[in-house]
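Structural features, examined
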Amino acid sequence: MFGIHVPRYALVNREVPYQQLDYFIEEEDFVEVHGMRFWKPFVEKPIDGDNHSIMIYYPSSAGGGMKELFRKVGNRSSEFHPEVRRVRREGSYIYEEFMPTGGTDVKVYTVGPEYAHAEARKSPVVDGVVMRNPDGKEVRYPVLLTPAEKQMAREVCIAFRQSVCGFDLLRCEGRSYVCDVNGWSFVKNSHKYYDDAACVLRKMFLDAKAPHLSSAIPPILPWKVNEPAQPTEGLTRQGSGIIGTFGQSEELRCVIAVIRHGDRTPKQKVKLKVTEEKLLNLMLKYNGGRPRAETKLKSAIQLQDLLDATRMLVPRTRPDRESDSEAEGEHGEKLRQVKAVLEEGGHFSGIYRKVQLKPLKWIKVAKSNGEGEEERPVEALMVLKYGGVLTHAGRKQAEELGRYFRNNMYPGEGTGLLRLHSTYRHDLKIYSSDEGRVQMSAAAFAKGLLDLEGQLTPILVSLVSKDSSMLDGLDNASIEMEEAKARLNEIITSSLKTVHGDESPEFSWMVDGAGLPSNASELLPKLVSLIKKVTEQVRLLAKDEDENLTETNLYDIIPPYDQARALGKTNIDVDRIASGLPCGSEGFLLMYARWKKLERDLYNERKERFDITQIPDVYDSCKYDLLHNAHLNLEGLDELFKVAQALADGVIPNEYGINPSQKLKIGSKIARRLLGKLLIDLRNTREEAISVAELKSNHEHDSSFTKTEKENSDAKPKLNKNDEVRKSITLSDISMDQDEDDDKETKYRLDPKYANVKTPERHVRTRLYFTSESHIHSLMNVLRYCNMDESLEEEDSLVCYNALERLHRTKELDYMSYIVLRMFENTEVALEDPKRFRIELTFSRGADLSPLQKNDSEAASLHQEHTLPIMGPERLQEIGSCLTLEKMEMMFRPFAMPAEDFPPPSTPAGFSGYFSKSVLERLVNLWPFHKHAHSNGK
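Residues numbered from 1 in each chain as written. Predicted model: local features only at pLDDT ≥ 70, side-chain atom pairs only at ≥ 80, totals over all residues. Heavy atoms only, no water.

**Notes on the overall build of the protein**
Along the protein, the regular secondary structure elements total 25 helices and 29 strands. Looking at the protein as a whole, 53% of its 938 residues are labelled buried. Restricting the contact set of the protein to residue pairs at least 6 apart, pairs at least 24 apart contribute 73%. Approximately 43,600 Å² of the protein is accessible, and the part contributed by carbon and sulfur atoms is 49%. (Helix = DSSP H or I, 4+ residues; strand = E, 2+ residues; numbered from the N terminus. Buried < 20%, exposed > 50% of the residue type's maximum accessible area, 1.4 Å probe, protein only. Contact = heavy atoms within 4.5 Å. Areas by Shrake-Rupley, 256 points an atom, 1.4 Å probe, with all protein chains shown as cover.)

**Topic: the sheet that holds strand β17 (residues 295-297)**
As summarised here, the arrangement of the four strands in space is β16-β19-β18-β17, forming an open sheet in which the pairing is antiparallel. A single partner strand is all that each edge strand has here, and the edge strands are β16 (267-274) and β17. This sheet shows a mean twist of 25 degrees between the axes of neighbouring strands, independent of strand direction. In the sheet, strand β18 (residues 354-366) pairs with strand β19 (residues 373-387) via twelve bridges, with the strands oriented antiparallel. Its bridge partner being in β19, V365 is matched across the sheet by E374. (Pairing = 2+ DSSP bridges. Axes fitted to C-alpha atoms, helices over the stretch in contact; angles between N-to-C directions.)

**Brief notes about a positive patch on the surface**
Together, K269, K271, K296, K298, K354 and K385 make up a region of like positive charge exposed at the surface. The partly exposed category is assigned to K271, whose relative accessible area is 45%. (Patch = residues over 30% accessible without salt bridge, like charges linked within 9 Å, V, L, I, M, F, W, Y side chains within 5 Å. Salt bridge = Lys/Arg side-chain N within 4 Å of Asp/Glu carboxyl O. Lys, Arg positive; Asp, Glu negative; His and termini not counted. Charge placed at Lys NZ, Arg CZ, Asp CG, Glu CD.)

**Digging into helix α15 (residues 588-602)**
Between its first and last C-alpha, α15 extends 21 Å over 15 residues, near the 21 Å set by a 1.5 Å rise per residue. Burial of α15 is extensive: eleven of the 15 residues sit out of reach of the surface. What α15 keeps buried is the set F588, L589, L590, M591, Y592, A593, R594, W595, L598, E599 and L602. (Expected span 1.5 Å × (residues − 1).)

**Observations concerning the environment of L169**
For L169, the position within the fold is in strand β13 (residues 164-172). Overall, the relative accessible area of 1% leaves L169 in the buried class. Spatially, the C-alpha atom of L169 lies 9.8 Å from that of T104, the residues being 65 residues apart in sequence.

**Observations concerning unusual backbone geometry**
A cis amide bond links K40 to the next residue, P41, at an omega of 5 degrees. Note that P41 resides in the loop between β4 (36-39) and β5 (42-46). With phi around 50 degrees, R161 is a residue other than glycine that occupies positive phi space. Among the secondary structure elements, R161 is positioned in the loop between α1 (147-159) and β13.

**Quick notes on the pairing of strand β15 (residues 250-260)**
Taken across its eleven residues, β15 has eleven buried, putting it largely inside the fold. Across seven bridges, β15 lies against strand β25 (residues 764-771) in parallel orientation. The residue of β25 that forms the bridge with I256 is R767.

**With respect to the pairing of strand β27 (residues 837-844)**
For β27, a buried count of eight out of eight residues is recorded, marking the element as mostly surrounded by other parts of the structure. The side-chain alternation of β27 yields two buried faces, one formed by F837, I839, L841 and F843 and the other by R838, E840, T842 and S844. In the sheet, strand β26 (residues 818-826) pairs with β27 via eight bridges, with the strands oriented antiparallel. Opposite M823, over in β27, you have I839 as the bridge partner. In this sheet, strand β29 (residues 883-884) lies alongside β27 in antiparallel orientation, the contact comprising two bridges. The residue of β29 that forms the bridge with R838 is T884. Of the strand pairs in this sheet, β27 and strand β28 (residues 874-875) are connected by two bridges, and their pairing is antiparallel. Following the sheet pairing, F843 is matched in β28 by E874.

**Focus: the confidence of the model for the protein**
A residue-level look at the protein finds 77% of positions with pLDDT of 70 or above and a mean pLDDT of 80. Residue range residues 319-323 is modelled with pLDDT below 50. Its contacts to residues more than four positions away, or to other chains, number four contacts. This model gives residues 713-744 a pLDDT under 50, and the stretch forms 58 contacts once residues within four places in sequence are excluded. (pLDDT = per-residue confidence, 0-100.)

**Concerning the packing of helix α9 (residues 436-449) against helix α10 (residues 456-463)**
α10 packs onto α9 with a crossing angle of 95 degrees between their chain directions and a minimal axis gap of 9 Å. Taken as axis vectors, α9 and α10 run roughly perpendicular relative to one another. Between α9, through Q439, M440, A443, A444, A446 and K447, and α10, the contact on the second element is made entirely by L456, I459, L460 and L463. Grouping the constituent residues of the contact of α9 with α10 by class yields eight nonpolar, one polar and one charged. (Parallel < 35°, antiparallel > 145°, perpendicular 65-115°, else oblique. Nonpolar A, V, L, I, M, F, W, Y, C, P; charged D, E, K, R; others polar.)

**As for the nonpolar core**
Judged by nonpolar contacts, the single largest core of 47 residues is most densely connected at Y769, L783, L798, I839, L841, M888 and F892. Counting residues per element, this core draws most heavily on helix α19 (residues 672-712), which supplies seven residues. Grouped together as the second largest cluster of nonpolar side chains are 44 residues, V126, L390, L463 and L768 included. (Core = buried A, V, L, I, M, F, W, Y, C linked by side-chain atoms within 4.5 Å.)

**Remarks on the environment of D789**
Mapping D789 onto the fold places it in the loop between α21 (773-785) and α22 (801-809). Put simply, D789 and L664 are 125 residues apart on the chain and 8.3 Å apart in space, counted from C-alpha to C-alpha. Contact partners of D789, with chain neighbours within four places excluded, come to L664, P894 and F895. At 2.5 Å, the side chain of D789 and the side chain of S791 are in polar contact. (Polar contact = N/O pair within 3.5 Å; in protein donor to acceptor, adjacent residues only side chain to side chain.)

**Details of the packing of aromatic side chains**
Where two aromatic rings form a pair, the distance of their centres and the angle of their planes describe that pair. On inspection of all chains with the given rule, the structure shows 15 aromatic pairs. With a centroid separation of 5.0 Å and 85 degrees between ring planes, the pair formed by Y193 and Y194 is classed as edge-to-face. With 5.3 Å between their ring centres and 75 degrees between their planes, F405 and Y818 make a pair best called edge-to-face. Of this pair, F405 sits in helix α7 (residues 392-408) while Y818 sits in strand β26; the two residues are 413 residues apart in sequence, bridging distant segments of the chain. Across this residue pair, the class does not change: F405 and Y818 are buried. Clustering of aromatic rings is evident, with ring pairs tying together F24, F42, Y57 and Y95. Above the plane of the ring of F30 lies R37, whose end atom (NZ or CZ) is 3.9 Å from the centre. Its guanidinium or amino end placed over the ring of W362, R292 lies 3.8 Å from that ring's centre, counting from NZ or CZ. (Phe/Tyr/Trp six-rings, centres within 6.5 Å; stacked < 30°, edge-to-face > 60°. Lys NZ or Arg CZ within 6 Å of the ring centre and 35° of its normal.)

This is how it looks when you write it as structure tokens:
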């Protein structure tokens, strides 16, 4: 019997609607039943089996909201409601964990315990649109069940005493779960199912009434005995597309892309020391009363408490600059800024802002009961982080790039990629860092790639996996990056030339600080002067807004910007623009705070010192306002952008290493885990392709041998259909078993005999990794300079000379920049030949177009929509070159995390299915069709 791994679930039973239950607690992101906590996303199912209104509730970190699943109505099977965040209370419900299935469900149909037919369909939880064929039937494809799933079908059939039985499977993270048993169910349109069912039923009759004939009659329909075998169609041959056709015998096997997030708002941070008792008490409330422990506030309840406290502390009018000290005035302005940030958007979501409170000073006070003393904080550091939110333009960019990948990265397929995906021939996994803008970029990209509809929250939860350890963080290289910034500051502020004297390096990118403008030290004072000019203009706008708000609430006319509702939007907010307000959620007060902070941080007037690490932030703000707030007509912003861009083009690439040697060191530390995962992806694809090739070769050999035998003896029967199906099933079983040893990913397969597709053997693996600027630069630097490692000094670079020159001139890997590795298999080359598997490397600079550039018609059009176009892919290799997988592995290995260092899966030992015998027995007692059936089920 199976080892048990039943997903967590709980029952909330109400005798009357809206009954208050002391064991049921609901908070913003979880419900708690009898002490068992279910974090969103979770599923809510009515107790009544005839009520098919099932709800999925999403976490605030993904935008919140609820999706309702229901029986198909026209072309809809679900609807998303972004405003619904509270669970139902009018009845009794079951709560259980949500299981991401990659956008596909499996319907299983048994005919007796020894036979099961399975079909895959698009899951209703993704976008709720039902895929239908020209006849109006839901599109489904027959798929092969794994050995564990076949055993599950057998157990369900026996336990429910239902020979003809249908049930639904969820395939989640390598496990399979039965989520619904439907009883007497038939497949609607499948010749295979009815042919097989006829054979199974005939055998049942013969076993019961004529067992001596049962083994003598072949398990195949009489009219199928002499039916000619259908020839197997060859695989569609694929050239490499971007680089040109390398060989007509090549087949695309793998697409791996590392992609930066889309256009975002400027990232912001407010730091202030607080001594107010209300804020210190709030810190103690959420850190368990520990006076020296820091507190992080992210949930809606926590942020609302902070907002309530801040509202009481912020004065109604601005302080008089003449009477108050500068420090008091600055503190009041920062509190006002905190209040404005917390009020932004109308409601809270932890994906957008978070607050940290860290105690700095303490005193001893008498305990309230008079027994002894205790510590109490009297000062704390408050750090509010906000901004960095994916804009409407960022969502549009990501979605458009997804469409581009669908139509261009899979040559020969076009929109056929959707068919590949829906038929289990496209093995897709999408990974994201923990940052909200990155997650939403991944969801928007998936929407375009798979031609989905609706809002991003359900897509994010269903298709995107977070892996912060692989795609977040700079901690591993923090020391080296600080060294690079210190050296960079020295070069700029001391007016040193990057090339000394007449000494000319062989390559322009080999010197320290390559790419920095020669007059960088002269540009810095100009940058400060221009920032002050822009800041003053924004200050006047903020002052006007503040005065208007004291007379009337501006939001009585223009409703507040709702970021959660904007998650699915890809167009600008026309009403805000027409009213002369800044684009998005930022008001003039926050816009002024942003520019004032840049002015203050870039140049310390008291110490007369520049901070060059602020240059990228200045550049981001300039670019953002030129693109999104051009209607405000800020004088001097164009010139400021040009100066900031000249400096940023030199500073940003050098922050990740001042020279190639340091770039390689920093890049390998930041991207070590990602590099290891890329190698695992490529190796798994190769092993899978070799297994398929060997199986195909053995199958052809067996078929040839059988044909020869048949010609020599008419007495031997033709290979029957069950044997053919067994052979096709073997492919699924072997590919699954070999792959589980590597990256623990269970593989599922299309049934090639009845799939009604031209190339059932074709299988493409896609891995998409969404991350931030740091990982894009780091990966690119390893690709460029890996041959500089001591162990690889005699090897050529993975990147050709022309591409190295282009990369040196490419100053910025902008929003939606990407690096793509595609692996092709040359099926006419021997399996042991290294040239059997070839790697193609391409990259894109992303939306690397100046917002000042409007001469191109497409750019001008997109500029009206606040969106910059994404640059097309560029080659990193010479045309006709052959980078083998073997060479790629050799060059990556010194910098990649070894496969054995990746954490093991959390699969319980011995697990092979969902139900245990005891669970099945309990379910049978609830089964309505057989309450009065005979105990043996016959």
